[in-house]
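Structural features, examined
Listed here are the chains, written in short residue letters.
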2 protein chains.
Amino acid sequence: MTLRVFNVLGREKQDFIPVEPGRVNMYVCGPTVQDYAHIGHAKTYANFDIIVRWLRYSGWDVLYVQNITDVGHLLDSGEDRILKKARQLAAGPMQIVEQYTRAYFEDMDALGVERPDISPRASGHIPEQIAMIESLLEKGYAYVVDGNVYFDVRSYAEYGKLSNRRLDEQEAGRREDIREEKRNPEDFALWKKAEPEHILRWNSPWGVGFPGWHIECSAMSGKYLGQTFDIHGGGIDNIFPHNECEIAQSEAAHGAPFANYWLLTGTLLVPDADGIPVKMSKSLGNFLTLRDALKRWRAEAIRMFMFSAHYSNPVVFHEEALDSALRGWERLYGAARLVRTVLRGAPEGDAGNAVLAEVEKVRADFAAAMDDDFNAPIALSALQTFTREVNTLLNSGAEVGRAVLEQVDAVYRDLGGRVLGLIPEDEAAGGSAVREEGLIRLLVDLRQTARANRDWATSDRIRDDLAALGVVLEDRSDGTVWKVN
Amino acid sequence: MTLRVFNVLGREKQDFIPVEPGRVNMYVCGPTVQDYAHIGHAKTYANFDIIVRWLRYSGWDVLYVQNITDVGHLLDSGEDRILKKARQLAAGPMQIVEQYTRAYFEDMDALGVERPDISPRASGHIPEQIAMIESLLEKGYAYVVDGNVYFDVRSYAEYGKLSNRRLDEQEAGRREDIREEKRNPEDFALWKKAEPEHILRWNSPWGVGFPGWHIECSAMSGKYLGQTFDIHGGGIDNIFPHNECEIAQSEAAHGAPFANYWLLTGTLLVPDADGIPVKMSKSLGNFLTLRDALKRWRAEAIRMFMFSAHYSNPVVFHEEALDSALRGWERLYGAARLVRTVLRGAPEGDAGNAVLAEVEKVRADFAAAMDDDFNAPIALSALQTFTREVNTLLNSGAEVGRAVLEQVDAVYRDLGGRVLGLIPEDEAAGGSAVREEGLIRLLVDLRQTARANRDWATSDRIRDDLAALGVVLEDRSDGTVWKVN
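The structure presented is a predicted model; accordingly, all values stated were derived computationally and were not measured. (Residues numbered from 1 in each chain as written. Chains lettered and ligands numbered in written order. Predicted model: local features only at pLDDT ≥ 70, side-chain atom pairs only at ≥ 80, totals over all residues.)

**Observations concerning the overall build of chain A**
If you tally the helices and strands in chain A, you get 14 helices and 15 strands. Dimensions of chain A along its principal axes, counting C-alpha atoms only, are 85 × 50 × 45 Å. Taking all 485 residues of chain A together, the buried fraction comes to 44%. The contacts in chain A between residues at least 6 apart in sequence include a share of 74% that link residues at least 24 apart. (Helix = DSSP H or I, 4+ residues; strand = E, 2+ residues; numbered from the N terminus. Buried ≥ 20, exposed ≤ 12 C-beta atoms within 10 Å, placed from the backbone. Contact = placed C-beta atoms within 7 Å.)

**Considerations on unusual backbone geometry**
A negative phi angle characterises most non-glycine residues, just as the trans form characterises most peptide bonds. Along the chain, Phe240(A) connects to Pro241(A) via a cis peptide bond; the corresponding omega equals 0°. Relative to the elements of secondary structure, Pro241(A) occurs in helix 6 (residues 239-254). We note that Asn164(B) has phi near 60°; this positive angle belongs to a residue other than glycine. Position of Asn164(B) among the secondary structure elements: in the loop between strand 6 (148-151) and strand 7 (188-193). Under the C-beta neighbour-count criterion, Asn164(B) is labelled partly exposed, with 14 such atoms within 10 Å.

**Re the pairing of strand 2 (residues 12-15) of chain A**
All names here are of chain A. With 4 bridges connecting them, strand 1 (residues 4-7) and strand 2 associate as antiparallel partners. When the bridges of strand 2 are listed, Arg 4 appears paired with Asp 15. Turn length for the strand 1-strand 2 hairpin, with the two strands adjacent in sequence and antiparallel, is 4 residues, and the turn residue Gly 10 shows positive phi of about 110°. (Pairing = 2+ DSSP bridges.)

**Examining the packing of helix 1 (residues 39-57) of chain B against helix 8 (residues 299-306) of chain B**
Residue and element names in this part refer to chain B. In the contact formed by helix 1 and helix 8, the axes pass within 10 Å of each other and the chain directions differ by 80°. As the angle between them shows, helix 1 and helix 8 are arranged roughly perpendicular. Contact with helix 1, carried on its side by Ala 42, Lys 43, Ala 46 and Asn 47, involves Ile 302, Arg 303 and Met 306 of helix 8 and no other residues of that element. Residue classes in the contact of helix 1 with helix 8 are distributed as 4 nonpolar, 1 polar and 2 charged. (Axes fitted to C-alpha atoms, helices over the stretch in contact; angles between N-to-C directions. Parallel < 35°, antiparallel > 145°, perpendicular 65-115°, else oblique. Nonpolar A, V, L, I, M, F, W, Y, C, P; charged D, E, K, R; others polar.)

**Details of the relation of the copies chain B and chain A**
You can overlay chain B on chain A at an RMSD of 0.2 Å; the transform is a turn of 180° with a shift of 0.0 Å along its axis. The relationship between the two copies is best expressed as a two-fold rotation axis. Identified as the residue of chain B closest to the rotation axis by C-alpha distance is Gly124(B), at 1.7 Å. Interface overlap between copies: 100% of the residues of chain B at the interface are likewise at the interface in chain A, consistent with a symmetric, same-surface contact. (Least-squares fit on C-alpha atoms with pLDDT ≥ 70 in both.)

**Examining helix 10 (residues 356-371) of chain B**
Residues and elements named next belong to chain B. Helix length check: helix 10, at 16 residues, gives a terminal C-alpha distance of 22 Å against a target of 22 Å (1.5 Å per residue), a fit within 8%. Turning to helix 10, the residues buried within the fold contact helix 1, helix 11 (376-395) and helix 12 (402-419). Positive backbone phi, at 60°, marks Asp 373, one or two positions downstream of helix 10. (Expected span 1.5 Å × (residues − 1).)

**Some thoughts on the environment of Phe374(A)**
Residues and elements named next belong to chain A. Structurally, Phe 374 is set in the loop between helix 10 (356-371) and helix 11 (376-395). For Phe 374, a count of 26 C-beta atoms within 10 Å translates into the label buried. As a C-alpha pair, Phe 374 and Val 472 span 98 residues in sequence and 36 Å in three-dimensional space. Non-local contacts of Phe 374, meaning those with residues more than four positions away in its chain, are made with Ile 50, Ile 51, Trp 54 and Tyr 311.

**Quick notes on the sheet that holds strand 10 (residues 259-265) of chain B**
Residues and elements named next belong to chain B. Taken together, the 4 strands give an open sheet; going across it, the order is 4-3-9-10, and neighbouring strands pair in parallel fashion. The open sheet terminates on both sides in strands that have one partner only, identified here as strand 4 (61-66) and strand 10. Within this sheet the neighbouring strands show an average axis-to-axis angle of 20°, counted without direction. Pairing between strand 3 (residues 23-28) and strand 9 (residues 229-235): 3 bridges, direction parallel. Residue pairing in the sheet places Val 28 in a bridge with Gly 233 of strand 9.

**Some thoughts on the interface of chain B and chain A**
Listed per partner, the contact involves 37 residues of chain B and 37 residues of chain A. Those elements that place two or more of their residues in the side of chain B that touches chain A are helix 3 (91-110), helix 4 (126-138), helix 5 (215-225), helix 13 (432-452) and helix 14 (456-468) of chain B. Counting residues per element, the side of chain B that touches chain A draws most heavily on helix 13 of chain B, which supplies 10 residues. Class assignment of the residues belonging to the side of chain B that touches chain A gives a composition of 20 nonpolar, 8 polar and 9 charged.

**Observations regarding helix 11 of chain A**
Residues and elements named next belong to chain A. Between its first and last C-alpha atoms helix 11 spans 28 Å; for 20 residues at 1.5 Å apiece the expected length is 28 Å, and the two agree. Turning to helix 11, its buried residues number three or more, namely Ala 376, Ala 379, Leu 380, Ala 382, Leu 383, Phe 386, Thr 387, Val 390 and Leu 393. An end-on view of helix 11 places all buried positions within 150° of arc, on one side of the element. Counted as exposed and oriented over 90 degrees from the buried face of helix 11: Arg 388, Thr 392 and Asn 395. On its buried face, helix 11 is in contact with helix 1 (39-57), helix 9 (319-344), helix 10 and helix 12 (402-419). (Arc of directions from axis to C-beta.)

**A short note on the sheet that holds strand 13 (residues 315-316) of chain B**
Residues and elements named next belong to chain B. Across the sheet, 3 strands lie side by side as 12-11-13; this open sheet has mixed pairing. Looking at which strands have only one partner, the edges of the open sheet turn out to be strand 12 (277-279) and strand 13. In this structure, strand 11 (residues 268-271) lies alongside strand 12, joined through 3 bridges in antiparallel fashion. Of the residues in strand 12, the one forming a bridge with Leu 269 is Lys 279.

**Description of the nonpolar core**
Grouped together as the largest cluster of nonpolar side chains are 243 residues, with contacts concentrated most on Phe151(A), Leu190(A), Phe151(B) and Leu190(B). Not counting the four nearest positions on each side in its chain, Leu190(B) is found in contact with Ile133(B), Leu136(B), Ala142(B), Val149(B), Tyr150(B), Phe151(B), Gly212(B) and Ile215(B). If you look at the next biggest cluster of nonpolar residues, it comprises 18 residues, including Leu466(A), Leu442(B), Ile462(B) and Leu466(B). (Core = buried A, V, L, I, M, F, W, Y, C linked by C-beta atoms within 7 Å.)

**Considering the packing of helix 9 (residues 319-344) of chain B against helix 12 of chain B**
The relative placement of two packed helices is expressed as an angle between their axes plus a distance between the axes. Residues and elements named next belong to chain B. With their axes 10 Å apart at the nearest point, helix 9 and helix 12 run at an angle of 145° to one another. Pair helix 9 / helix 12 crosses with left-handed handedness. For the pair formed by helix 9 and helix 12, the contact residues are Leu 332, Ala 336, Val 339, Arg 340, Val 342 and Leu 343 on the first element and Arg 402, Leu 405, Glu 406, Val 408, Asp 409, Tyr 412 and Gly 416 on the second. Of the residues in the contact of helix 9 with helix 12, the class split is 8 nonpolar, 1 polar and 4 charged. (Left-handed = near helix turned anticlockwise from the far one by under 90°.)

Right, dumping it as structure tokens:
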């Protein structure tokens, strides 16, 4: 099957042709580590997580680089805050940056987002950024004014090709000062002179300063992925000016195409007081960190919600949608667990092998959906359709042989687990989270036995002690489910 | 109470006088991230962990910097291996470095070692290293030969003051090439010319190359802690040449003292085939990673073992010692849990308040030990003596009031938990590990009830299902204990 992707550069769905056969070199703009990741970040990185997981699952050799912005954009936008917390030269901002970098990875780990192969930090690549700026100056794409270096957007004819903005309709970027010293208002800073109050500062051929925001992504992607690489990802909100500036800098400096395919995720919106979906912002009071969301919903429910729309679409985040995603996940995981339970006592043989046609179908449908621009909602719905067939079979009372159940189980492990990160690999071995799952299940089963024996004291004790441990049980007609707070 | 520390620089115990009142700026040489951390690393970082924890607990404002060596020493010693795994320019070595950096933090987290405030990476501080080398050249402490820069050890009169080596008795450092081009064989490289096969390389005033091993610690400690700071830590094995070179570079470049106090940890040894304690090495087959050790013993047992000797002493690692440390920890934690259990049903009042004298004594003894050069084994033994008194009291059948038990409980939380990292803060709230503990305890209690009711089916089911989840029960005369595999 051919992988096809919607390329924002050119706005069309194209066959994916890698630079090197079998390999995918991929760069995704990472977080600015000045605060906790919010659920909008979670959407972007969960979307790219299953893109990478699917590519690897289907045999591609992926090298995934995602940067950490700890200077540049951070200094532009958050320095006041950092200065306030700063304790002494250099240590202050770096302590804050370290704290939020760790928090970022902790939160993404908790969401089941696999780590990038390389997470380069902007502050750790100052020489590479300076070298790139020197090259742009040599080639006449940039100019120096009083310790600042600017990119001359009119020197690069294709400026605007990603965002489809023509120069004459552009406003000056909000983050760029409209300075008299710039040749054009749209020119953006490659290097900024450090004012006395700037803490993070480096020597450069143009004096003491720090890099502009955009140059880091060009320098680090070039270093680790080469001048021309396959996929550049990020959130759609950064298409202008950030992504546009990356392209201009990289192609001007290298004289070679930058990323061949641009995949950008749609924005996560939240309803305002009137129910109108708007972007999250602290001033609107609609800001939710991933950390807080994970206290309320388990990671798989958040992932289910994120995968309910195509990655390029916006989604509206509200509690009912999350609760509904949780119920959807419980149905999926419930079936996967039931298969594993039945499998433990299953007879040898291939009784019930009519369902193998469904196994084949779900694998084919899932692959077709994911190879069609990573269409996760369609892939997920194939898995849900399959789950209904599985439930029908297992509830029919018909005997199902081990050989058949193993193939059903493998669908959940491969597509639900390895690709979507929704089904834990193993409940009995490995990590503590898996053991916790098993311990709770054992207690729920013991309580079931106690209830069957009308031993209400034991049944209540288990429920109450579990509640004290943050595990809330809910008895439903189809069994007992639990939620871990 | 005055804090006193044994200063390796001068070989005497001294009153600790900080550069700035109330503050401790501390630097500890971190790992070279080319492999998993072994239990020798675990000793060093667990030792410094309780030093930092004690300083903070007793009111000091600590800034703790620990570097990550991902270039320099790594390139000296591990490049063959990295080159073999390398996939493409720059990405190969950085992928390996990222993998082991993550593994390092995962393993230290698992051991309960709190993160440093800043973990600067050598590859992320090339400009700072170059600036320092430039300063050494300007001041005449270094010289350039064919793209290499060397520190001239004879230009710095105090070279050897930490390790007490006189230049005329020194061999050339093993890691330094004996090159004709050096003025003295002891001179060490500040910057090395990159040979064509070197992957990680940067521009410098002396050509394309990479920093020598030692300069990173001088550059990064200077950046984040200032020219003169309070404590420099590390393992005794690095006293020469590494620590000695750090001092020479920093004091020569800054014309100011480097670290005021040097605290170095003793080596972890393992018995060889004849039972003779030797250093770990892969060729001897006596190499144990922390990751593997944690599969065998729980983190607290490993910490107990590490704290059984003063940080500056060597320890010999063998299985019996770890098993014995585990039993010691179980006694300690058993008492702490018993106190919490009794506390839940305790009557109001201060019955049993005679034990408050023991509370006062253990706090005083513990503090005296830790303020005397962080003497953890003495501090731990004070806690163990206290535990015997607590067990005697609780087993006496005498009533103990809530007010008294709360103070006993606070000893375990403060000294056993916050300082030594041996007693979990809370069994019912918070992290998953704590919940797991609670779930297992509930199951053990339910099994106890089942046994009392001669309900062997339920009792066996709980034992067998727990075993399948990796939790092994052992029934002893004093109750049931468990071990998590």
